Amino acid sequence: MAKIIVALFNTQGHRLEYKSFEQSEINIGRAFHNDVIVTDPFVSPHHCQLTRAEKGWVLIDCGSENGVYIRKTLERFEERCVESGDEFIIGESRLCVYFEDHPLAPTKVCQAPTPNSKTLSRPFMIGFLLLLVFWIYTIDAHLVSIKNLSFVKKSLTGVGALIGILIWAGGWAFIGQLIKHRARFMEQISVASIFTILSLPLKQVSTYLGFRFSSMALEGLCSSLFFGIVFAWLLIRNLSLSTRLSLKKQRVATAFITIAIMSIGALSYFADTAEFRSSPSYFGTLKAPYIPPPRGGSIDAFMKEGTSIYSFENHK
Amino acid sequence: MKKLLLILTLFFLSVPSYSYSAEITDEAQALYQAHQKSVYQIQVIDLATGKKTTIGSGFQFSDQGHIATNYHVVSNIIHWPERFRLEYVRHDGEIGELDVLHIDVIHDLAIVHSKDSYEFFLGFADSNLEKGTRIFSMGNPYDLGMTIIEGTYNGLMENSLYRKILFSGSINSGMSGGPSINRDGKVIGINVSTAGNQVSFLVPVEYLKESYQYIVQREGQAPSDWYKVIDEQLNANQTQYIDKLLASDWEVMPVGELTVPGEILNVFKCWGNSTDIEDKVFDYAYISCSSDDNLFISDSLITGKIIYKYNWVTSLKMWPIRYYNLYSSYFAYPHAYDNAGEEDVTNFQCHSDFVNIDGTSWKVVYCVREYKKYENLYDINLSIASVSEKDKGLLAELVVLGINQQRANLFATKFLKTIQWQK
């Protein structure tokens, strides 16, 4: 005997029940003797009945208070032939009926779960990366200090970077546990450490370029470009480790988030910059002559090139 | 009763005076009696509230109602004529309106005119007196009432771009624009400013005579555009002193391993400082030179000053990267320009590049901002840093307020060319 499947949805559209029946009479209502029990106060104790007739399945209103409607047309009826996939409204609930040969959508292809990256999850590797982060940031604190600070004070910067990495990785591990049933905390730590390690020298490279070409704009452009690239890489790795998004969606999400962060940064920079600045603002970073700086032109040539700064917008 | 009064008087007289003001003599009393009628309080009244905004003093110096005062007393009227009104208050409490006829922003003088002509006025003398000569200054300090103070003439200030008389007496706020007279009751100078503790300055009366000549030439008509007048005066003044600076041979001084422009004219004073902290990782020597002269143009614009400063920073076994982080932090913060507001000047525009100075590489940043209300006047900032050494370097900064483009370029060029490594 062919089966019939009845699905029940509540007012929010959440499916409550998915039941298949082999008998030829299915009673639907709020009372407990029914085959499908609907806990909807607007449904009558014995609301309706699905019956197999000669011409096929029929839905009959069993004298309910609030009636039975076709969902698409909101037409009320007493008795009606049922097709597979028909949807009805009883009280505030939705009832769907399927026959067992109801066509299905093709199966979606999901990404095969990537196996753990062996290199990135090795304890030795993680230890090495975390130690590197700690030392890079501690040395950076030493390099920007103008006093002889104690090691503990300098190392606080390194510790701060480590805490940042743990929080970031922990967050993504939590998401991974929820979505993929795998936290992959170790890999998340490695990824976040690589990002942290790369961002500092790249920042230095962009300030060096700003110094070398005497351009604040170039420095800004390079630092945002470098940050953008490294951050996008980090996000893609985080997303692929912790979510089931396809590569395309990962890229879209990453591009969106990276651009959003950079735009917020740029906007807040312009919003914070006062329109009138009483002192000159210029790119004032100087770099040690490990790579010898350009010799520079003559004083007269510099003054000649600088003539353009005397052209101001007409404001008189 | 009379006895009691006498005792009380004696008691008060015996209380020692802790004030350092000169002893009041009968001479001052006689001068005050004779000339108080020629001295006025000048008030700038805010039209919106009807209350006074600025007070100063002034004195009549012609029988046609010409009154001299300081430019800084009346500057609000010049800049915002629709917001203020100018009034005088005579010794007898009479109040009347005043019009500005002439200003001299360089010497801080203004000549105003009252339509109600009044017979009492002061004559002029020569400001060239012997040092130590007794002179008397009149004015209305802090709106307390007309006063006369006695002090000594201490010659013309030698180290100033603009000639001023050094007066050892207490000029206070509100006395600005009042006359300083000699024993014959003739004006030798106009009260202008004080450095506190009996160090006060007067504008020599000769400049007032010059200003009066303008009025005579213009037959008492006030110019229609005050900005143009200020502009011309600033430009003419600049021509005079910048050209003098450009033409002179500059004295150089050693800073670290370099020689740099020192006290390039006697009007510049250099002050130095250096570190002396324990456990230090670097050494620095700081020298700042500047002229003391400011030109007051309005409440929001002061100009005419030149400042140049040097920082010689040496590393004490710092890694070069660390040393350069420190070195840049000095370079990145230029002079704080608090001399002008948004309505007076534009933002700075900068040009930056490597420049070869005396055979080594330097980073040079040249910044300029334009005066909005005056033609061809700029504030400039020239910041330079030597970048050829790993463990030492000189940072220098040149600040010139109110200069034209051509002179700014010449001055900056000369400044840069004077810097040399010691051989």
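None of the values given here were measured: they were computed from a predicted structure. (Residues numbered from 1 in each chain as written. Chains lettered and ligands numbered in written order. Predicted model: local features only at pLDDT ≥ 70, side-chain atom pairs only at ≥ 80, totals over all residues. Heavy atoms only, no water.)

Residues and elements named next belong to chain B. When its domains are assigned, chain B resolves into domain 1 (27-223) and domain 2 (232-421). The C-alpha centroid of domain 2 is placed 36 Å from the C-alpha centroid of domain 1. Of the residues lining the interface, 15 residues belong to domain 1; the matching set on domain 2 comes to 15 residues. Contact between domain 1 and domain 2 buries roughly 1500 Å² in total, counting both sides, with carbon and sulfur atoms accounting for 57%. Ranking the residues of domain 1 by area buried against domain 2 places Asn 159, Leu 161 and Tyr 162 at the top, with a combined share of 40%. Sorting the residues of the side of domain 1 that touches domain 2 by element identifies α3 (71-79) and β5 (95-104) as the ones contributing at least two each. A per-element tally of the side of domain 1 that touches domain 2 places α3 first, with 5 residues. Its residues placed into classes, the side of domain 1 that touches domain 2 shows 6 nonpolar, 7 polar and 2 charged. (Domains from an automatic or database assignment. Contact = heavy atoms within 4.5 Å. Buried area = accessible area lost by both parts, 1.4 Å probe. Helix = DSSP H or I, 4+ residues; strand = E, 2+ residues; numbered from the N terminus. Nonpolar A, V, L, I, M, F, W, Y, C, P; charged D, E, K, R; others polar.)

Within the structure shown, the criterion is met by 36 aromatic pairs over all chains. Relative to Tyr 378 of chain B, the ring of Tyr 310 of chain A has its centre 4.8 Å away and its plane inclined at 85°; by these criteria the two rings are edge-to-face. Placement of the pair is Tyr 310 of chain A in the segment after α7 (299-305) and Tyr 378 of chain B in strand β22 (residues 378-386), with the two residues belonging to separate chains. Of the two residues, Tyr 310 of chain A and Tyr 378 of chain B, neither departs from the other in class, the shared state being buried. Over the aromatic face of Phe 9 of chain A sits the side chain of Arg 94 of chain A, whose NZ or CZ is 4.6 Å from the ring centroid. In this structure, Lys 164 of chain B is placed above the aromatic ring of Phe 201 of chain B, and the distance from its NZ or CZ to the ring centre is 5.7 Å. (Phe/Tyr/Trp six-rings, centres within 6.5 Å; stacked < 30°, edge-to-face > 60°. Buried < 20%, exposed > 50% of the residue type's maximum accessible area, 1.4 Å probe, protein only. Lys NZ or Arg CZ within 6 Å of the ring centre and 35° of its normal.)

Now for the pairing of strand β20 (residues 349-357) of chain B. Residues and elements named next belong to chain B. In this structure, β20 lies alongside strand β21 (residues 360-370), joined through 9 bridges in antiparallel fashion. Bridge pairing in β21 places Ser 352 opposite Val 365. The antiparallel hairpin formed by β20 and β21 contains 2 residues in its connecting segment, where Asp 358 sits at a positive phi of about 50°. (Pairing = 2+ DSSP bridges.)

The strands making up a sheet associate through backbone hydrogen bonding, with each pair oriented either parallel or antiparallel. Residue and element names in this part refer to chain B. Strand order in the closed barrel formed by 6 strands is β7-β8-β9-β12-β11-β10, and the pairing between neighbours is antiparallel. On average, adjacent strands in this sheet sit at an angle of 45° to one another, irrespective of strand direction. Alignment of strand β7 (residues 134-139) against strand β10 (residues 179-181), held across 2 bridges, turns out to be antiparallel. Residue pairing across strands places Ser 137 opposite Ser 180, the latter belonging to β10. (Axes fitted to C-alpha atoms, helices over the stretch in contact; angles between N-to-C directions.)

Moving on: the sheet that holds strand β3 (residues 66-69) of chain B. All names here are of chain B. In spatial order, the strands read β1-β2-β3-β6-β5-β4; together these 6 strands close into a barrel with antiparallel pairing. Sheet twist, expressed as the average angle between the axes of neighbouring strands with direction ignored, equals 40°. The pairing of strand β1 (residues 39-46) with strand β2 (residues 52-60) spans 7 bridges and is classified as antiparallel. Across the sheet, the residue bridging to Ile 45 is Lys 52, located in β2. Packed onto the sheet, α3 meets β1, β2, β3, β4 (84-89), β5 and β6 (109-114) and runs at close to 100° relative to β5.

Residue and element names in this part refer to chain B. In this model, helix α7 (residues 405-418) (14 residues) spans 20 Å end to end at C-alpha, consistent with the 20 Å of a helix rising 1.5 Å per residue. Along α7, the positions that sit buried rather than exposed are Arg 407, Ala 408, Asn 409, Phe 411, Ala 412, Thr 413, Phe 415, Leu 416 and Thr 418. One side-chain oxygen at the N-terminal end of α7 lies 3.3 Å from the backbone nitrogen of Gln 406; it belongs to Asn 404. (Expected span 1.5 Å × (residues − 1). Polar contact = N/O pair within 3.5 Å; in protein donor to acceptor, adjacent residues only side chain to side chain.)

On the surface, a cluster of nonpolar side chains totalling about 530 Å² of accessible area is made up of Leu 131, Trp 135, Ile 139 and Phe 151 of chain A together with Trp 319 of chain B. Here Leu 131 of chain A shows up in helix α2 (residues 123-144). (Patch = residues over 30% accessible without salt bridge, like charges linked within 9 Å, V, L, I, M, F, W, Y side chains within 5 Å. Areas by Shrake-Rupley, 256 points an atom, 1.4 Å probe, with all protein chains shown as cover. Salt bridge = Lys/Arg side-chain N within 4 Å of Asp/Glu carboxyl O.)

Moving on, we get to the interface of chain A and chain B. Contacts between chain A and chain B engage 47 residues on the former and 68 residues on the latter. Between chain A and chain B lies a buried interface of about 5200 Å² when both sides are counted; carbon and sulfur atoms form 62% of it. Summed over the three residues of chain A that lose the most area to chain B, namely Tyr 282, Leu 286 and Tyr 310 of chain A, the buried surface amounts to 16% of that side. Counting across the chain A and chain B interface gives 1 salt bridge. One salt bridge in this structure joins Lys 417 of chain B and Asp 300 of chain A, with 2.9 Å as the shortest N-O distance. Inspection of the region where chain A meets chain B yields 22 residue pairs in polar contact (both at pLDDT 80 or more). Every element with two or more residues in the side of chain A that touches chain B is listed here: α2, α4 (185-212) and α7 of chain A.

This next bit is on the side chain of Ser 57 of chain B. All names here are of chain B. Inspection of the secondary structure assignment puts Ser 57 in strand β2. Looking at Ser 57, the relative accessible area reads 0%, which means it is buried. Engagement of the side chain of Ser 57 in a polar contact is seen with the backbone nitrogen of Asn 140, the distance being 3.0 Å. Setting aside anything within four residues of it in sequence, one finds Ser 57 in contact with Tyr 40, Gln 41, Ile 42, Ala 68, Thr 69, Gly 139, Asn 140, Gly 174, Met 175, Ser 176, Gly 177 and Gly 178.

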